[in-house]
Amino acid sequence: MAEAATVHSKRRITNLVMTSLTAICAVFATSVLLIIIGFIAYQGISSLSWEFLTDTPKPVGEGGGIGNAIVGSAMMTLLAAAIGLPVGIAAGVYLAEFGKNWYGNTIRFIADTLIGVPSIIIGIFIYTVVVMPMGRQSGLAGGLALAIIMIPIVARTTEEMINLVPNSMREGALALGAPQWRVSWNIVLPAATSGIATGAMLAIARITGETAPLLFTALNSRFYNFYYDQPMSSLTVQIYNFATGPFEVEHAMAWAATLLLVGFILVINIVVRYLTRKKY
Amino acid sequence: MAQSSTLGDKVYRTILFAAATSILLIVAAVFYMMVQSSMPTLQRFGIGFLWASEWNPSQELFGALPFIYGTVVSSILALLIAVPISLGIAVFLVEQAPKKIAKPIAFMIELLAAIPSVVYGLWGIFVLAPFIRTYLGPVLQDNLGFLPIFQGRLTGIGMLTGGIILAIMITPIITAVVRDVLEAVPNTQREAALALGATKWETTMIVLGNAASGIAGAVVLGLGRAVGETMAVTMVIGNSPQITASLFEPAYTIASVLAANFADATDELYLSALIEMALVLFLVTVVINGLAKLLIMSVAGRANASKHT
């Protein structure tokens, strides 16, 4: 009888210890997030100024800013979105509407594979097919690398969103005599638009934070550059260069640029979550 | 009318088909270009490239072993830290916490995955590395200093810092997959266990056991991410091609040697050696991700598996 009691209390203690441990894990991970964001805000805010946001990098001690990096990041993200969104969405529509066969399964598998490929490898690929033939690094190369990263992500989220559209809508339109492409384009796609748009926003947030594929495709530039055939600066590469350099002034600028970048990415993520909150 | 609609269908379908096929062509082109660009070292060193340990580009000595070693050790380190924590978080979110608490915590952990790699690198250099140098490192050396892995110079920059940064980065990924896997386990299992008098934790162990292959998939997926992670590791691991037992010493990974040295590789053989390592990394991540997908699919079903890979 006493033995049974000790077994019972042992089980209860194990239960208590283990369930508390899992709660500690959760608290630990959330505090890591808060610590990281806290440091970025604390360190970054002191260097933020109008001059910092509009100026170009200058020799150490003369101030300078990241205006050209902001423009470069925006231009390359824009180019990537202009290519990646239409191709990705079209591929996603194909997978959802016509992809329930071996070919669709193959594309699906390959797309997932491409999502898992480290982004630096995409950078090397673009280096061999764009930078080497052109003879120099360029905003075009950087934008193309980002587009390749974007396509499979957009394709898979688009497919998922279209699959959520009820089949009765398709059947209704087909029964009224609409051809299949009309059904897909005028009925199904509009119904999935908000889902596809949030997926697109998350994909844009993701590529804005990419560094590795830009290192030797877009390279960097100390000046404002509005032409895609020239090397182009980006926020992420600029942060990398500032952070790995020896000067404290530059470290402070790295934190400020990070505040801007992380702020942008987190705002997109939070807005998307707010807009889609009903579904979860 | 019927004519034009079938034409419309054909055009529409062809455009979509081309877009879908572009994904296939991109992957094929990536593979082809990397094989072609690494031909000089493939032909000169053959398979021995992978286990040669000398790396000195100025003397045309190219061995990939230090980078493979660094990649493997930093990834294992990351898994050792991240897997128990991720399992704990996922169990807490699915099995224990009330929905009101679970939702915001789950969202915050997802946000960890949205933070760019270079930001983790910055944070690693200026916050984590000094912390390891002044607090964690001395504590480990004082108590466990007899172990070779904790001997050596403490600079804060090295294998351990890389492993910890990787652990933070893969935790949200493993957590998300394990959550889905646990949610896919039917509630009747929990009810049955509780009805037999099992405690909450014993019930959880039964659920975890039945979700084992899905959890294995989550771990393998985390491994794939750790192996390919580039910027953060490049910024904190020290970038030195050496094989040492000490976790405090600088090391190098495949991804980080690509990030740090590719721009300087003007010589054809040097460039070829780097691209051959990129090819190895590409093939390894493809295999790892494929395996992860199969494992997760076996538990959570198709839709969930595709969401994460």
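This is a predicted model, so every value here is computed, not measured.

What to know about the overall build of chain A
Thought 1: What chain A contains, in helices and strands, is ten helices and zero strands.
Thought 2: Along its sequence from the N terminus, chain A presents helices and strands in the succession α-α-α-α-α-α-α-α-α-α.
Thought 3: Over its C-alpha atoms chain A spans a radius of gyration of 24 Å, topping by over 25% the 19 Å that the globule rule assigns to 280 residues.
Thought 4: Counting only C-alpha atoms, chain A reaches 75 × 75 × 35 Å along its principal axes.
Thought 5: Going through the 280 residues of chain A one by one, you find that 48% of them count as buried.
Thought 6: Sequence-distant contacts, at least 24 apart, represent 73% of the contacts inside chain A between residues at least 6 apart.

Brief notes about the overall build of chain B
Thought 1: Looking only at helices and strands, one finds twelve helices and two strands in chain B.
Thought 2: What you see in chain B, going N to C, is helices and strands ordered as α-α-β-β-α-α-α-α-α-α-α-α-α-α.
Thought 3: Seen through its C-alpha atoms, chain B measures out along the principal axes to roughly 75 × 65 × 30 Å.
Thought 4: Expressed as a percentage of the 309 residues in chain B, the buried residues total 50%.
Thought 5: For chain B, restricting intrachain contacts to residue pairs at least 6 apart in sequence, the fraction spanning at least 24 positions comes to 76%.

As for the interface of chain B and chain A
Thought 1: Listed as interface residues are 69 residues of chain B and, on the opposing side, 71 residues of chain A.
Thought 2: If you tally residues by element for the side of chain B that touches chain A, the top one is helix H1 (residues 2-37) of chain B, at 18 residues.
Thought 3: Here the residues of the side of chain B that touches chain A sort into 47 nonpolar, 18 polar and four charged.

Examining the domain arrangement of chain A
Thought 1: Per the domain assignment, the segments making up chain A are domain 1 (10-45) and domain 2 (52-279).
Thought 2: Here domain 1 of chain A and domain 2 of chain A have C-alpha centroids that lie 31 Å from each other.

A short note on helix H8 (residues 200-210) of chain B
Thought 1: Buried within H8(B) we find Trp201(B), Thr203(B), Thr204(B) and Val207(B). Buried positions in H8(B), seen along its axis, are confined to an arc of 155 degrees and lie on one side of it.

Things to note about the nonpolar core
Thought 1: If you look at the biggest cluster of nonpolar residues, it comprises 186 residues, and the most contacted ones within it are Ala257(A), Ile23(B), Leu258(B) and Ala278(B).
Thought 2: Other than its neighbours up to four places away in sequence, Ile23(B) contacts Ala91(A), Ile107(A), Ile110(A), Ala111(A), Leu114(A), Ile151(A), Pro152(A) and Ala155(A).

A word on the packing of helix H3 (residues 65-96) of chain B against helix H9 (residues 212-228) of chain B
All names here are of chain B.
Thought 1: For the pair H3 and H9, the least separation of the axes is 9 Å and the interaxial angle reads 135 degrees. Between H3 and H9, the interaxial angle falls into the category oblique. Crossing angle aside, the handedness with which H3 passes H9 is right-handed. Here H3 contributes Thr71, Ser75, Ala78, Leu79, Ala82 and Val83 to the contact with H9, which in turn contributes Val219, Gly222, Leu223, Ala226 and Val227.
Thought 2: Here the residues of the contact of H3 with H9 are counted per class, giving eight nonpolar, three polar and no charged.

Examining the packing of helix H6 (residues 159-184) of chain B against H9(B)
Residues and elements named next belong to chain B.
Thought 1: In contact at an axis separation of 9 Å, H6 and H9 are set at 155 degrees when each is read in the N-to-C sense. It follows from the interaxial angle that H6 and H9 lie roughly antiparallel. When you trace H6 past H9, the crossing you get is right-handed. When H6 is examined against H9, the residues Leu166, Ile170, Ile173, Ile174, Val177, Val178 and Val181 are found in contact with a partner set consisting of Gly214, Ile215, Gly217, Ala218, Val219, Leu221, Gly222, Arg225 and Ala226.
Thought 2: Looking at the contact of H6 with H9 residue by residue, the classes come out as twelve nonpolar, three polar and one charged.

What to know about the environment of Thr155(B)
Thought 1: The residue Thr155(B) is located in the loop between helix H5 (117-144) and H6 in this model.
Thought 2: Residues Thr155(B) and Ala129(B), spaced 26 residues apart in sequence, show a C-alpha to C-alpha distance of 7.7 Å.

A short note on the confidence of the model for chain B
Thought 1: With 95% of its residues at a pLDDT of 70 or more, chain B shows a mean pLDDT of 91.
Thought 2: Overall, residues 302-306 of chain B carries pLDDT values under 50, and its contacts beyond four positions in sequence, including any with other chains, amount to eleven contacts.

Section: the environment of Phe107(B)
Residue and element names in this part refer to chain B.
Thought 1: Residue placement: Phe107 occurs in helix H4 (residues 99-114).
Thought 2: Judged by the 15 C-beta atoms lying within 10 Å of it, Phe107 is partly exposed.
Thought 3: On a C-alpha basis, the gap between Phe107 and Pro172 in space is 9.9 Å, while along the polypeptide they are 65 residues apart.

Details of helix H5 (residues 119-134) of chain A
All names here are of chain A.
Thought 1: If you check H5, its first and last C-alpha atoms are 21 Å apart, about what 16 residues at 1.5 Å a residue would give, namely 22 Å.
Thought 2: Within H5, burial applies to Ser119, Ile120, Ile121, Ile122, Gly123, Ile124, Phe125, Ile126, Tyr127 and Val131.
Thought 3: Gly135 sits one or two positions beyond H5 and adopts a positive phi of about 85 degrees.

Regarding unusual backbone geometry
Thought 1: In this model, Leu219(A) sits at a positive phi of 60 degrees, which is unusual for a non-glycine residue.
Thought 2: You will see that Glu60(B), though not glycine, has its phi angle at about 60 degrees, which is positive.
Thought 3: The residue Glu60(B) is located in the loop between strand E1 (55-56) and strand E2 (61-62) in this model.
Thought 4: What makes Glu60(B) exposed here is the crowd of 12 C-beta atoms within 10 Å.

Thoughts on the environment of Pro231(A)
All names here are of chain A.
Thought 1: Following the sequence through the fold, Pro231 ends up in the loop between helix H8 (180-208) and helix H9 (235-244).
Thought 2: Residues Pro231 and Ala205 lie 26 residues apart in sequence; the distance between their C-alpha atoms is 22 Å.
Thought 3: Excluding residues that lie within four positions of it along the chain, Pro231 makes contacts with Arg136, Gln137, Ser138, Ala218, Leu219, Asn220 and Ser221.

Calculation notes
- Residues numbered from 1 in each chain as written.
- Chains lettered and ligands numbered in written order.
- Predicted model: local features only at pLDDT ≥ 70, side-chain atom pairs only at ≥ 80, totals over all residues.
- Helix = DSSP H or I, 4+ residues; strand = E, 2+ residues; numbered from the N terminus.
- Rg over C-alpha atoms; globule rule 2.2 N^0.38 Å.
- Buried ≥ 20, exposed ≤ 12 C-beta atoms within 10 Å, placed from the backbone.
- Contact = placed C-beta atoms within 7 Å.
- Nonpolar A, V, L, I, M, F, W, Y, C, P; charged D, E, K, R; others polar.
- Domains from an automatic or database assignment.
- Arc of directions from axis to C-beta.
- Core = buried A, V, L, I, M, F, W, Y, C linked by C-beta atoms within 7 Å.
- Axes fitted to C-alpha atoms, helices over the stretch in contact; angles between N-to-C directions.
- Parallel < 35°, antiparallel > 145°, perpendicular 65-115°, else oblique.
- Left-handed = near helix turned anticlockwise from the far one by under 90°.
- pLDDT = per-residue confidence, 0-100.
- Expected span 1.5 Å × (residues − 1).

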